[in-house]
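Single-letter residue listing:
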Amino acid sequence: MPSLDYLTDAVKRSVSSVDPAAVKELIDGIVSSKTVFIYGSGRSGLAGQFFCVRLVQLGIDVHFVGEMTTPIITKDDLTILISNTGNTMSAVQTANIARRIGSRVIAVTAGTDTKLTIASDVIIQLPMARDKERPRYAPLGTIFEESAIVFFDSIIPDIMERLGLTESDMRKRHAIWV
């Protein structure tokens, strides 16, 4: 399948290009913050919600911004915002509010020099190659969204190691439907 090859190659290029220093800052922030807040809109939000689930399984106090039970962000917290363009108004507003409160803000975006990157302390850039010859293989933000999911999953083992956790520890926090 040409579309599968195109997607997997594009996602691998995107995730592999992330600055290791930014990854270290993200992991340091996750393990040292009182609470982690994550926000994204649309499919970027779904990628963030996937990451929330893994962080819950790691025992991290994590909330998705906008849910009814989400508490207020404080200066001791980390806020992770996911936006392909870096100009999604709700993500930019959340970044500005979190920064005003004193929370550390990390943007996960394909954009550069955007409203979100300007409002963030750390930028995890997942660049999207724009291939005009084969756009049907990855419409809209597909490569960014898939890259965000793979990126977040790729740092879970590092967080596990930092916290001294095993898959068995995570399984104890896995949702069980009775």
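Fair warning: this is a prediction, and the values are worked out from it, not measured in the lab. (Residues numbered from 1 in each chain as written. Predicted model: local features only at pLDDT ≥ 70, side-chain atom pairs only at ≥ 80, totals over all residues. Heavy atoms only, no water.)

### Focus: a nonpolar patch on the surface
Here is step 1 of the chain: Together, Ile72, Ile97 and Ile101 line one region of the surface with nonpolar side chains, adding up to about 280 Å² of accessible area.
Here is step 2 of the chain: With a relative accessible area of 67%, Ile72 lands in the exposed category. (Patch = residues over 30% accessible without salt bridge, like charges linked within 9 Å, V, L, I, M, F, W, Y side chains within 5 Å. Areas by Shrake-Rupley, 256 points an atom, 1.4 Å probe, with all protein chains shown as cover. Salt bridge = Lys/Arg side-chain N within 4 Å of Asp/Glu carboxyl O. Buried < 20%, exposed > 50% of the residue type's maximum accessible area, 1.4 Å probe, protein only.)

### Some remarks on the pattern of salt bridges
Here is step 1 of the chain: Scanning the entire structure with this criterion turns up 7 salt bridges.
Here is step 2 of the chain: Put simply, Arg43 and Glu145 hold a salt bridge, and the shortest N to O gap is 2.5 Å. Pair noted here: Arg43 is in helix H3 (residues 42-57) and Glu145 is in helix H6 (residues 142-163), with a separation of 102 residues, a long-range link.
Here is step 3 of the chain: On the basis of relative accessibility, which here comes to 47%, the residue Arg43 falls in the partly exposed class.
Here is step 4 of the chain: The partner of Asp121 in a salt bridge is Arg99, with the nearest N and O atoms 3.6 Å apart. Of this pair, Asp121 sits in the loop between helix H5 (115-118) and strand S5 (122-125) while Arg99 sits in helix H4 (residues 89-101), and the two are 22 residues apart along the sequence.
Here is step 5 of the chain: In this structure Asp121 comes out as partly exposed when scored by relative accessible area, which is 33%.
Here is step 6 of the chain: The exposure class assigned to Arg99 is partly exposed, which follows from its relative accessible area of 38%.
Here is step 7 of the chain: Through salt bridges with shared partners, a single ionic network connects Lys24, Asp28 and Arg162. (Helix = DSSP H or I, 4+ residues; strand = E, 2+ residues; numbered from the N terminus.)

### Focus: the environment of Ile124
Here is step 1 of the chain: Note on placement: Ile124 falls in strand S5.
Here is step 2 of the chain: Between the C-alpha atom of Ile124 and that of Ala98, which follows or precedes it by 26 residues, the distance is 17 Å.
Here is step 3 of the chain: For Ile124, the residues in contact, after removing those within four places along its chain, are Val18, Ala22, Val23, Leu26, Ile106, Ala107, Val108, Thr109 and Phe151. (Contact = heavy atoms within 4.5 Å.)

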